[in-house]
Amino acid sequence: MANPSPAKSVGDPGITPLSPTHIQNDTSDQVPSGMAFMVVVAIDFGTTSSGYAYAFTKEPECIHTMRRWEGGDPGVSNQKTPTTILLTPDRKFHSFGYAARDFYHDLDPSESKHWLYLEKFKMKLHTTANLSINTDLQAANGKRVKALDIFAYALAFFKEQALKELSDQTGCEFDNNDVRWVITVPAIWKMPAKQFMREAAYKSGLVSRDNPEQLIIALEPEAASIYCRKLRLHQMVDLSNQTTQNGVSPTDNVGSTMTQASPGHAAKEHVRRNRQSRTFLVENVIGELWSELEEGDRYVVVDCGGGTVDLTVHQIRLPEGHLKELYKASGGPYGSLGIDYEFEKLLCKIFGQDFIDQFKIKRPAAWVDLMIAFESRKRAAAPGRTNPLNINLPFSFIDYYKKFRGHSVEHALRKSNVDFVKWSSQGMLRMSPDAMNSLFKPTIDHIIQHLNELFEKPEVSDIKFLFLVGGFAESPLLQQAVQNMLHGRSRIIIPHDVGLTILKGAVLFGLDPSIIKVRRSPLTYGVGVLNRFVEGKHPSEKLLVKDGTRWCTDVFDTFISADQSVALGELVKRSYTPAKPSQQVIVIHVYCAEKEGVAFISESGVKKCGTLRLDVSGTESAAPRREIQTLMQFGDTEIRAMAVDVSTGRTVKASIDFLSH
């Protein structure tokens, strides 16, 4: 099919592929080497909590986690800060984290309703179907703000904090150009959400558009996987050796109701000493656990966060211990937020949906208070618990309910048929352990169901280890459920400081992005093209006759199939030719589908997900027809495009855009 077609297909302006080829490229010229930076700073922008960590490229084995934050909650270790943001009534950035929460809380209710307070907003990127630059978010007072602004404010805040800390550490003003930034996102996020994060980073001034390599998007479970390879035996808990009823708390919170499996006194000493400092030594060797893994061994990383749960399956490639993804990332919105929603549903059942909706808008700060009180009790839930959990109801809840309904909270509890929640005379909701456990059940069931489905896949047999990471991994109820599901099929490993695993791994990834050599494409990607019409093969309704030539329209030209393995730096190469010699820009629609084997762009399940834009202005030549060779790279955490005008050898500006404008 050498001669380009003059015809127009439904989707695209007269392009036909000249040379469909798939080439394995030498990676050295593709992946920019990361050693020009003095320091790598990773930002874990979480649904419920966020933080940063860094390492200097000269001492890659020392990972520093950020300074302790002011504020903090009783019973919650605060290495990270809540992902909460406060804007002034005129929509300027005011504060982030504990500072935002505390300031908002101390405002007079008449004032606080004018301030814009946002929390747990990261989930919007996962749940919005047609995410765009203009997607908005709702603040606690019901007002709407642009999501891009909020994400940019948050990243700008982290940039300022990190640079300040680096300047204090080095004793001189630290230049942002010396920093390679890494932002973590869930592996199950689609391309638009990843691109949205990058756009927010550009807007925040974290990096500039002219220097996109300065920012790497890292996938959360991959980061965890990289860190888990470095684990020493004293830095983790092996659940498979435990029979404790209460589960294990890898953070070893003092005074918590959980028991820590004793890995020997010396190791405990070591962990305690380390907890005082914020520097983690990652030894250059491979951890003891890892040394048990052989070529080809497989393990699963289950990253349980506040918003999403992400599952990745990796295989080890020796000698250098590179990682290969065996099955496309899976998971869903089954993070610990689900438990908060269940609690809210319970409150609606007792006090009425109308009251709760009204209370959230009219007394937003008191609602935040109530959820903080719930959070610390949520962390005390454990399988063997027998004593009830008490949750403080803010005075304004009790007061507002009486005004709203004309009777007391106590009366509402007596009248509701929720029998496992009682009213205690000290003004608290008293929940039985069973009541608390039932709030966990839907979320944990989702995770277990997903794990079951994953373990049934042929690619996921013989799993040696299952690493449980992310903040929600601390939950003894979740730990026990995973143990029961696996029946000893794999060893369950939980790193210490499990909430910081991703952060530390993201720093390691920033120091060496080429560590993950093979990934799986989550979707099938391709473009719509015209092909010569073949009788009997092509459906007649796709026939287009142009200047006596018979063309088949809407043909799906596959770049890469769902779950296909792609090596780092591997390129998909296509040549396109402009429909008219005078054409300045070629815009090609990129389509995607969750299934493999797509024949036409008009099939169900195929949707337009992006545009590939080739700017061919200024490259006009005397050649009878121009050929623009396009290279797309799929093996990285983001999809990139490059293009060259073959006749002149000049680079053509190519960009691939997944955000629907």
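As the structure is a prediction and not an experimental result, all values here were calculated from the model.

Visitor: Any chance you could explain the overall build of the chain here in plain terms?
Guide: When its secondary structure is counted, the chain shows 16 helices and 33 strands. Of all 661 residues assigned to the chain, the portion counted as buried reaches 57%. In the chain, 71% of the contacts between residues at least 6 apart in sequence involve partners at least 24 apart.

Visitor: What exactly am I supposed to notice about the side chain of Ser 112 here?
Guide: Here Ser 112 lies in helix α2 (residues 109–112). Taking relative accessible area as the criterion, Ser 112 reaches 2% and is therefore assigned buried. At a separation of 3.3 Å, a polar atom in the side chain of Ser 112 contacts the main-chain carbonyl oxygen of Pro 109.

Visitor: What's the story with the sheet that holds strand β17 (residues 322–332) in this structure? I'm lost.
Guide: Sheet architecture is open: eight strands sit in the order β13-β22-β21-β15-β16-β17-β23-β27, paired in mixed fashion. Whereas interior strands pair on both sides, the edge strands pair on one side only; in this sheet they are β13 (236–238) and β27 (565–567). Across the sheet, the mean angle separating the axes of adjacent strands is 25 degrees when strand polarity is ignored. Where strand β15 (residues 298–304) lies against strand β21 (residues 463–469), six bridges are found, and the strand directions are parallel. Its bridge partner lying in β21, Tyr 299 is registered against Phe 465. Contacts between helix α6 (residues 220–228) and the sheet are confined to β15, β16 (309–317), β17, β21, β22 (491–495) and β23 (516–520), with β15 contributing the most and set at about 125 degrees to the helix.

Visitor: Teacher, can you tell me more about helix α12 (residues 395–405) here?
Guide: Along an α-helix, residues three or four apart share an orientation, since each turn contains 3.6 residues. All of the buried residues in α12 are Ser 396, Phe 397, Tyr 400 and Tyr 401. All buried residues of α12 lie within an arc of 130 degrees about the axis, which places them on one face of the element. The exposed residues of α12 that point more than 90 degrees off its buried face are Phe 395 and Lys 403. Looking at the buried positions of α12, the neighbouring elements they touch are α9 (337–351), α10 (353–362), α11 (364–378) and α13 (409–415). Two residues or fewer past α12, Gly 406 is found with a positive phi of approximately 80 degrees.

Visitor: I'm lost on the pattern of salt bridges in this one. Help?
Guide: Side-chain pairs of opposite charge can arise where the charged atoms are in close proximity. Under the definition given, this model contains 24 salt bridges. Note that Asp 340 is salt-bridged to Lys 120, the shortest N-O span being 3.4 Å. One end of the pair, Asp 340, is in helix α9; the other, Lys 120, is in the loop between β8 (116–119) and α3 (123–127), and 220 residues separate them in sequence. Between Glu 375 and Lys 378 there is a salt bridge, and its shortest N-O distance comes to 3.1 Å. Residue Glu 375 and its partner Lys 378 are both found in helix α11; the two are separated by three residues, about one turn of the helix. Glu 375 sits in the partly exposed class, given a relative accessible area of 21%. Taken together, the salt bridges that share partners define one network made up of Lys 120, Asp 340, Glu 375, Lys 378 and Arg 379.

Visitor: What is the right way to read the pairing of strand β25 (residues 543–546) from this model?
Guide: Look at any regular strand and the pattern is simple: side chains alternate between the two faces of the sheet. Pairing between β25 and strand β26 (residues 549–560): four bridges, direction antiparallel. Paired with Lys 546 across the two strands is Thr 549, which belongs to β26. Connecting β25 to the antiparallel partner β26 that follows it, the hairpin turn spans two residues, and Asp 547 within it adopts a positive phi of roughly 50 degrees.

Visitor: When you look at empty space enclosed by the protein in this model, what are you seeing that I'm missing?
Guide: Gaps left between atoms are located by rolling a probe of water-molecule size over the structure's atoms. All told, the structure shown has four cavities of 30 Å³ or more when counted by the stated rule. Of the voids in this model, the largest cavity is the one considered here, and its volume is about 260 Å³. If you go around the largest cavity, you meet 22 residues; those closest to its centre are Lys 194, Arg 520, Ser 521, Pro 522 and Asp 636. Contributing elements (two or more residues each) for the lining of the largest cavity: α5 (191–204), β17 and β23. A per-element tally of the lining of the largest cavity places β17 first, with three residues.

Visitor: Looking at this model, I keep getting lost on the sheet that holds strand β18 (residues 389–392). Mind explaining?
Guide: The pairing of strands in a sheet happens through backbone hydrogen bonds and is either parallel or antiparallel. Spatially, the three strands line up as an open sheet ordered β18-β20-β19, and their pairing is antiparallel. Across the chains shown, the open sheet's two edge strands, defined by having one partner strand only, are β18 and β19 (421–424). Strand-to-strand, the axes of this sheet are offset by a mean angle of 30 degrees, without reference to chain direction. By the bridge criterion, four bridges tie β19 to strand β20 (residues 428–431) in an arrangement that is antiparallel. Following the sheet pairing, Val 421 is matched in β20 by Met 431. Set on the sheet, α9 makes contact with β18, β19 and β20; between it and β20 the angle comes to about 110 degrees.

Visitor: Would you mind going over the side chain of Ser 330 with me for this structure?
Guide: Tracing the chain through its elements places Ser 330 in strand β17. Reaching out from Ser 330, the side chain makes a polar contact with the side chain of His 450 at a distance of 3.5 Å. Leaving out residues up to four positions away in the same chain, Ser 330 has contacts with Ile 188, Val 309, Asp 310, Leu 311, His 450 and Leu 454.

Visitor: Whenever I open this one, the environment of Ser 475 confuses me. Can you help?
Guide: Counting through the fold element by element, Ser 475 comes out in the loop between β21 and α15 (476–486). Note on Ser 475: relative accessible area 9%, which makes it buried. Taking the C-alpha atoms as reference, Ser 475 lies 9.4 Å from Ser 336; in sequence the two are 139 residues apart.

Visitor: Help me understand the nonpolar core, please; the structure alone is not making it clear to me.
Guide: Grouped burial of nonpolar side chains is what soluble globular proteins tend to show. Phe 351 and Leu 451 are the most contacted members of the largest nonpolar core, which has 100 residues in total. Residue contributions to this core peak at 10 residues, all from helix α14 (residues 433–455). The contact partners of Leu 451, leaving out residues within four places of it in the chain, are Val 302, Leu 311, Leu 466, Val 482 and Met 485. Among the nonpolar cores identified, the runner-up in size contains 51 residues, and Phe 174, Val 207, Leu 215 and Ala 329 belong to it.

Visitor: What's the story with helix α4 (residues 147–170) in this structure? I'm lost.
Guide: If you check α4, its first and last C-alpha atoms are 35 Å apart, about what 24 residues at 1.5 Å a residue would give, namely 34 Å. Where α4 ends, the next residue or the one after it, Gly 171, has phi of about 80 degrees, a positive value.

Visitor: Where do I start with the environment of Lys 517 in this structure?
Guide: The topology assignment puts Lys 517 in strand β23. Spatially, the C-alpha atom of Lys 517 lies 5.2 Å from that of Leu 568, the residues being 51 residues apart in sequence. Excluding residues within four positions of it along the chain, Lys 517 makes contact with Arg 317, His 322, Leu 323, Val 566, Ala 567 and Leu 568. Separated by 2.9 Å, the side chain of Lys 517 and the backbone oxygen of Ser 514 make a polar contact.

Visitor: I tried to follow unusual backbone geometry on my own but got confused; where do I start?
Guide: Excluding glycine, a negative phi dihedral is what most residues carry, and trans is how most peptide bonds are arranged. With a phi close to 65 degrees, Arg 91 is a non-glycine residue in the positive phi region. With respect to the secondary-structure elements, Arg 91 resides in the loop between β6 (84–87) and β7 (93–96).

Conventions and cut-offs
Residues numbered from 1 in each chain as written. Predicted model: local features only at pLDDT ≥ 70, side-chain atom pairs only at ≥ 80, totals over all residues. Heavy atoms only, no water. Helix = DSSP H or I, 4+ residues; strand = E, 2+ residues; numbered from the N terminus. Buried < 20%, exposed > 50% of the residue type's maximum accessible area, 1.4 Å probe, protein only. Contact = heavy atoms within 4.5 Å. Polar contact = N/O pair within 3.5 Å; in protein donor to acceptor, adjacent residues only side chain to side chain. Pairing = 2+ DSSP bridges. Axes fitted to C-alpha atoms, helices over the stretch in contact; angles between N-to-C directions. Arc of directions from axis to C-beta. Salt bridge = Lys/Arg side-chain N within 4 Å of Asp/Glu carboxyl O. 1 Å grid on protein atoms, 1.4 Å probe; cavity = no way out; pocket = protein on both sides within 12 Å on 5 of 7 lines; lining within 4 Å. Points joined across faces, edges and corners; volume = space filled by probe spheres on them. Core = buried A, V, L, I, M, F, W, Y, C linked by side-chain atoms within 4.5 Å. Expected span 1.5 Å × (residues − 1).

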